[in-house]
Amino acid sequence: MTEDLDLRASDADRDRVAALLGDALATGRLTSVEHADRLEIAYTAKTIGELVPLTRDLPEVSAPSALPEAIEHQVISSKFSKIVRKGRWVASRRTKLSARFGALVIDLSDAVLPGREITIETDAKFSKMIVRVPENAHVIDEGSSIFGKRNVSGGSAGDGPLIRVTGSSKFSKVIVTRGLDDWNLH
């Protein structure tokens, strides 16, 4: 990174810091809580000076590495059961939600999002999926449904992340919402 700490940080600068933090988590230098805290700061940083302290106590990496797999892609799967993921957790850029005769409840409102755009791929058969997004998120639905219900709320006027919902559902219900009114996350 450049020496001028007052320069605006780019997405590439934030991604480099996120990759370093991911390596530190993978090698045991950071706990998952420290990683989540630092990652959230990295993706909300406006200047290079805000990014520097996040990796100051970590060793230098000689060659730029690719983003850790956990940041790039993850699969959350439910078969004949109900899985709820909520609270503070690290989401991926591409998250595949797969449910067969079960239920998946995914709450992104307190999750640490690894970038300004993430993709949620739904794959539901005879199931129910509920995804709660942050209040200021922009949501784009590019999915389909056969013999089911798909209810994806649109965008907002905020400057939040872009959440792209893709995939399909068959004999299933897929809901993407901002509120708790229609599901049981309490």
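Here we summarise the structure given alongside this text. All figures in this text were calculated on a predicted structure; none of them were measured in a lab.

Rules of the game
Residues numbered from 1 in each chain as written. Predicted model: local features only at pLDDT ≥ 70, side-chain atom pairs only at ≥ 80, totals over all residues. Heavy atoms only, no water. Pairing = 2+ DSSP bridges. Helix = DSSP H or I, 4+ residues; strand = E, 2+ residues; numbered from the N terminus. Expected span 1.5 Å × (residues − 1). Buried < 20%, exposed > 50% of the residue type's maximum accessible area, 1.4 Å probe, protein only. Contact = heavy atoms within 4.5 Å. Axes fitted to C-alpha atoms, helices over the stretch in contact; angles between N-to-C directions. Phe/Tyr/Trp six-rings, centres within 6.5 Å; stacked < 30°, edge-to-face > 60°. Core = buried A, V, L, I, M, F, W, Y, C linked by side-chain atoms within 4.5 Å. Parallel < 35°, antiparallel > 145°, perpendicular 65-115°, else oblique. Nonpolar A, V, L, I, M, F, W, Y, C, P; charged D, E, K, R; others polar.

**What to know about the pairing of strand S3 (residues 94-100)**
For a regular strand, side chains alternate in direction, first toward one face of the sheet and then toward the other. Pairing between strand S1 (residues 73-79) and S3: seven bridges, direction parallel. If you follow Gln74 over to S3, its bridge partner there is Thr95. Strand direction decides the pairing type here: S3 and strand S5 (residues 117-125), joined by seven bridges, are parallel. Pairing of Thr95 across the sheet is with Ile120, part of S5.

**Things to note about helix H2 (residues 32-44)**
Relative to the 18 Å expected for 13 residues at 1.5 Å per residue, H2 spans 18 Å between its end C-alpha atoms, a close match to the ideal helical length. Residues of H2 that are buried include every one of His35, Ala36, Arg38, Leu39, Ala42 and Tyr43, and no others. Tucked into the core, H2 has its buried residues touching helix H1 (11-26) and helix H3 (48-55).

**Brief notes about the sheet that holds strand S2 (residues 82-85)**
The sheet built from five strands is open, its strands ordered S2-S4-S6-S11-S9 with parallel pairing. Each edge of the open sheet carries a strand with a single partner, namely S2 and strand S9 (149-152). The sheet shows a mean angle of 5° between the axes of neighbouring strands, direction not considered. Where strand S4 (residues 103-107) lies against strand S6 (residues 128-132), five bridges are found, and the strand directions are parallel. When the sheet's bridge partners are listed, Val105 is paired in S6 with Ile130.

**As for the packing of aromatic side chains**
When we look at a pair of aromatic rings, we describe it by the centre distance and by the angle of the planes. Taken as a whole and judged by the stated rule, the model has four aromatic pairs. Here the aromatic rings of Phe80 and Phe101 are separated by 5.2 Å at their centres, their planes lie at 5°, and the arrangement is stacked. Taken together, the residues Phe80 in the loop between S1 and S2 and Phe101 in the loop between S3 and S4 connect sequence positions 21 residues apart. According to the relative accessible area criterion, Phe80 is exposed, its value standing at 66%.

**Some thoughts on the nonpolar core**
One finds Leu97, Ile106, Leu108, Val133 and Ile163 to be the most contacted residues of the largest nonpolar core, which totals 22 residues. Of all elements in the fold, only S3, S4, S5, S6, strand S10 (162-170) and strand S11 (173-177) reach the threshold of two or more residues within this core. When residues of this core are assigned to their parent elements, the largest contribution, three residues, is made by S5. Among residues more than four places away in sequence, those in contact with Leu97 are Ile76, Leu104, Ile106, Ile120, Glu121, Thr122, Asp123, Met129 and Val131. Of all hydrophobic cores here, the second largest spans 16 residues; its members include Ala9, Leu21, Leu30 and Ile48.

**Focus: unusual backbone geometry**
With a phi close to 55°, Phe80 is a non-glycine residue in the positive phi region. Phi angles above zero are rare outside glycine, and Phe147 is one such case at about 50°. Examined against the element boundaries, Phe147 turns out to sit in the loop between strand S8 (144-146) and S9.

**Brief notes about the packing of H1 against H3**
One can describe the packing of H1 onto H3 by two numbers: an axis separation of 10 Å at closest approach and a directional angle of 10°. It follows that H1 is roughly parallel to H3 by the angle criterion. Along its contact with H1, which presents Asp13, Arg14, Val17, Leu20 and Leu21, the element H3 presents Ile48, Leu51, Leu54 and Thr55. In terms of residue class, the contact of H1 with H3 is built from six nonpolar, one polar and two charged.

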